[in-house]
Amino acid sequence: MSVATAHDDHHDSHDHGPPKGWQRWVYSTNHKDIGTMYLFFALFMLFFGGAMAMYIRAELFMPGVQLANPDFYNNMVTDHALVMVFGMVMPAAAGMANWMIPLMIGAPDMALPRLNNLSFWLLPAAALMLILSILAPYLFPGSGGPVNTGWTLLPPLSIQNGIGMDFTIFAIHMLGISSILASINIVTTILNMRAPGMTMMKMPLFVWAWFFTALLLIAVMPVLAGAVTMLLFDRHFGTSFFDAAGGGDPILFQHLFWFFGHPEVYVLLLPSIGVLGLVIPTFARKPLFGYKALVYGMGVLAVLGMVVWAHHQYTIGMSLFATNYFMIGTILISIPVGLMLMNFIFTMWRGSMTFETPMLFGIAIILMFSFAGVTGVMLAVVPADMQYHDTMFVVAHFHYALIPGAVFGLYAGVFYWLPKWTGHMYDERLGKIFFWWTTISFNITFFPQHFSGLAGMPRRIVDYSIQYTEFNMISSIGGFLFGLSHLLFLYIIIQTIRGGKKAPDKPWEGSQIGTPGLEWTLPSPPPFHSFTQAPVVK
Amino acid sequence: MVSKNKTGLPAALLLLPLGLLTSIARADYGYNLPEPAATLTQEIFDLHMLTTVVGTVIMVIVTAMIVYALYAYRHDKGAVPDQNFHTSWFGRWAWVLVPVIVLGIDLSIASSASSTLSSVEDRSKADVTVKVIGSQWKWTYEYMDDDIKVVSNLKKLEPTDPLYLRDVDDPLVLPTGQRVRFLLTSTDVLHNWGVAEIVPKKINIPGYINETWAHITKEGTYRGQCYENCGAGHAFMPAVVRAVSPAEYQQWKTERKAQQAQAAAEASSDKAWAKEELMAKGQEIYTKNCMACHQAQGQGIPGVFPALAGSKIANGAAADHINIVVKGKTGTAMAAWGPQLNDLDIAAVVTFERNSWGNTAGDVVQPKDIKAAR
């Protein structure tokens, strides 16, 4: 593919550098600056949510309630999930979308730059609201207990909670608006802003992945917003949507929540699958195997993901027909997922691989995400799920799905694009140490939870009987190591931003193979305004 | 505990390294589903082992493929990338081949799962029906055919005790060899009564009744707990079942009925109780039912559960105090105790609360006051 660009000779009078000082960031309509802010916000939330996880593992280190009361523990479980899902993974993926999609498809910026600014700045406001929800029981004595429901916010327990629940609901509203606006922006950009010749089927897989992600978010986020609004009305305005005593149905909330919640899982996963679709071919020096199959596979995954939500609630007592339907639908998800993972393996097959940090993460993801898929099929089987339901087995399963599937994919993306973003190469030796450190400690943390879960340990408990002690001790030690490894991550990022070996325009030898994006035609780092004149893809 | 099931072997091999590591510390933990003690859970256990084995085989194949690729296709060993692999016949048909293979595996799992699911939802006539009622944070069992009621509270033990968080004061007693139907419901929030050896879980929903069943094959004590987050006491509501022979079960029922009749007669007598008697009984009731929230010294948990020591209600008019205990407080975790405790119990606990921890109401509440307030 040859590309004609005008990036290095744009000397027209409209060109200007970034504004100085705080205005550059607060008023920003530049996709790169907003992308950077998203990524730093996500990095901050990673440590915030991680600190909560460290408390959880410390409390579970041994039997007995040692550190705080059970309500505080469940509050931390709740907010760890909300922060990691809405505050970390989604903003990090959105940051990458902001930075990379316009560069990949040859657009000068996002289609709706002011909307872009709004969708970012809603996030810090929502984060503040979430922090207030944690502090509410202490700031407003007598306002009721902390939010102790878990991230699913299930009534009637969420009706019993104090004012913190109202803050949580408003935080979710703002996060939802932010996601919907960002998604509209991304879909519009992909459909309207592609450079001449950049057809849909020439787009890098990452762009396709975000296209489906954004469509999913637009479809399901309003459902969550509706559900939590109904919760708010039940709490304060005397409605009984979820109260059987008033003619309502506590199970209705579960259906609404998981109608959002299951597609949300794919919202977290798909951007990382997109990153894999770039990283694996680059370092195998060979075109992506089954590009079309991967694109259609992601489409099928998105559609199937929207019609299997009730597998999160097999134990509510649905009809035999409905339960069978949800079971078979869920098991069928293994088809697109299996196809994707196999395509990545076949991309490596007969390639010529080198093992830079992004590739190491890529290979680890294939292996560990396959494992999550296997436990996923086990959980999809209804009668067995009636035994696994709400045990640590579920916790182990979804951490295997979301940490390799989503978070490690984002790490791979960070290492893959850091040279492009900063203009400096990161320290490869430190990157590799970080990879081995996180991967090993992650497995020490979560692998034992499969066993404690099968043996019967419930999730969301502050205290457990002594038969689960060994597995929890191993898990906690692994958890502390896993948490600690992220200080190295932070160090590598700061070190790379501050300096290091100058990165070439194409830092990775194999990045031009297959369906490459246009980001590699720009210098590293790219100019503040890129593609002011549309490049032509032939 | 290695599973005694034949199909358990491959899975056990997979789990072995970790098992060895931890068995150094102690031997009495499990790492698989507990050994089933009922017909239905046995069927589910076999299904679980089937999916575990299938999953293990898939993981072995995937791992082998990746390991081979890592060995054979290395840049530093001079591997030359095959730029046309994706256009070979395999490249053109993999998108059909892979889904067909996966579909085959899926359907074989789904068909055996579907037949087990039909067993779970089997609604044959039961010999014994027990209503399992979850409330914050204890289990109440009502024998529908016999007018027997069992209330199970956590037995307080030290965190070093083998039965820590696994024992209750009054377990559910069930016969072996008979079909038992469980009707599951709740009085406040969602709960989930789970005893993995004998029943697949269904959640307890306030205002709804769910159903599950067991045909217990082995006598013994089976221990589970609540599996749906129900608030502060979620970790502290074990579910314990004692399965006994049908003859022993009959005997237990007779004794239990006699006990209940005696307690009911005592509670409905017109006797005026002395303060000391009520205080002693009240402390017992308080420890069992109230202490989880309001705490041992009536101090509550600030911001979550109100203190009773020095509270306006416990030191104010007795009628208000009785009213909140009998009817509860909507929108909070305070349950209505009227339907759960008899007049004597409520009179005793109210008297206890009004004269303990520095509370100075000084009055004595009699069972007849409760009857009047209902």
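As shown above, the structure is provided for reference.
Cut-offs applied
- Starting afresh in each chain, residues are numbered from 1 along the sequence in its written order.
- Following the order in which they are written, the chains are lettered starting with A and the ligands numbered starting with 1.
- Under the rules for a predicted model, residues below a pLDDT of 70 receive no local features and side-chain atom pairs below 80 are neither given nor counted, while totals for whole chains, interfaces and linings still include all residues.
- Put simply, DSSP marks the helices as runs of H or I at least four residues long and the strands as runs of E at least two long, and each gets a number from the N terminus on.
- Only the C-alpha atoms count toward the radius of gyration. The rule for a globule is 2.2 Å times the residue count to the power 0.38.
- Buried means a residue has 20 or more other C-beta atoms within 10 Å of its own C-beta, exposed means 12 or fewer, and partly exposed covers the counts in between; C-beta atoms are placed from the backbone.
- The contact criterion used is a C-beta to C-beta distance within 7 Å, with each C-beta placed from the backbone.
- Any two strands between which DSSP finds at least two bridges are classified as paired.
- A fitted line through C-alpha atoms represents every axis, and for helices the fit uses only the stretch in contact; the resulting angles, taken between N-to-C directions, go from 0 to 180 degrees.
- Side-chain classes follow a simple rule in which Ala, Val, Leu, Ile, Met, Phe, Trp, Tyr, Cys and Pro form the nonpolar group, Asp, Glu, Lys and Arg form the charged group, and the remainder, Gly included, forms the polar group.

(A) Looking closely at the overall build of chain B. For chain B, the count of helices and strands is 10 helices and nine strands. For 374 residues, the compact-globule estimate of 2.2 N^0.38 gives 21 Å, and the C-alpha radius of gyration of chain B, at 28 Å, exceeds that figure by more than 25%. Once the C-alpha set of chain B is aligned to its principal axes, its extents read approximately 95 × 50 × 40 Å. In chain B, which comprises 374 residues, the share counted as buried stands at 38%. Considering only contacts within chain B whose residues lie at least 6 apart along the sequence, 65% involve residues at least 24 apart.

(B) Here's a closer look at the sheet that holds strand 9 (residues 238–244) of chain B. Residues and elements named next belong to chain B. Taken together, the four strands give an open sheet; going across it, the order is 4-9-8-6, and neighbouring strands pair in mixed fashion. Where the open sheet ends on each side, the last strands, each with one partner, are strand 4 (172–175) and strand 6 (193–194). Bridge analysis of strand 4 against strand 9 gives four bridges, and the strand direction is parallel. Opposite Leu-174, over in strand 9, you have Ala-243 as the bridge partner. Lying over the sheet, helix 4 (residues 246–268) contacts strand 4 and strand 9, oriented at roughly 135 degrees with respect to strand 4.

(C) Up close: the interface of chain B and chain A. Residue-level contacts link 88 residues of chain B with 86 residues of chain A. Elements supplying a minimum of two residues to the side of chain B that touches chain A: helix 1 (8–23), helix 2 (39–72), helix 3 (89–120) and strand 8 (220–226) of chain B. Taken together, the residues that form the side of chain B that touches chain A break down as 51 nonpolar, 26 polar and 11 charged.

(D) Region of interest: unusual backbone geometry. A cis amide bond links Pro-155 of chain A to the next residue, Pro-156 of chain A, at an omega of 5 degrees. Among the secondary structure elements, Pro-156 of chain A is positioned in the loop between helix 4 (113–139) and helix 5 (157–160). The omega torsion of the bond from Gln-136 of chain B to Trp-137 of chain B falls at -5 degrees, within 30 degrees of zero and hence cis. On the secondary structure map, Trp-137 of chain B appears in the loop between strand 1 (128–135) and strand 2 (138–143). Positive phi is not limited to glycine here, since Asp-390 of chain A has a value of about 60 degrees. Within the secondary structure layout, Asp-390 of chain A lies in the loop between helix 13 (382–388) and helix 14 (392–422). Of note, the phi angle at Asp-147 of chain B is positive, near 55 degrees, even though the residue is not glycine. As for its position among the elements, Asp-147 of chain B is in the loop between strand 2 and strand 3 (148–152). Under the C-beta neighbour-count criterion, Asp-147 of chain B is labelled exposed, with 11 such atoms within 10 Å.

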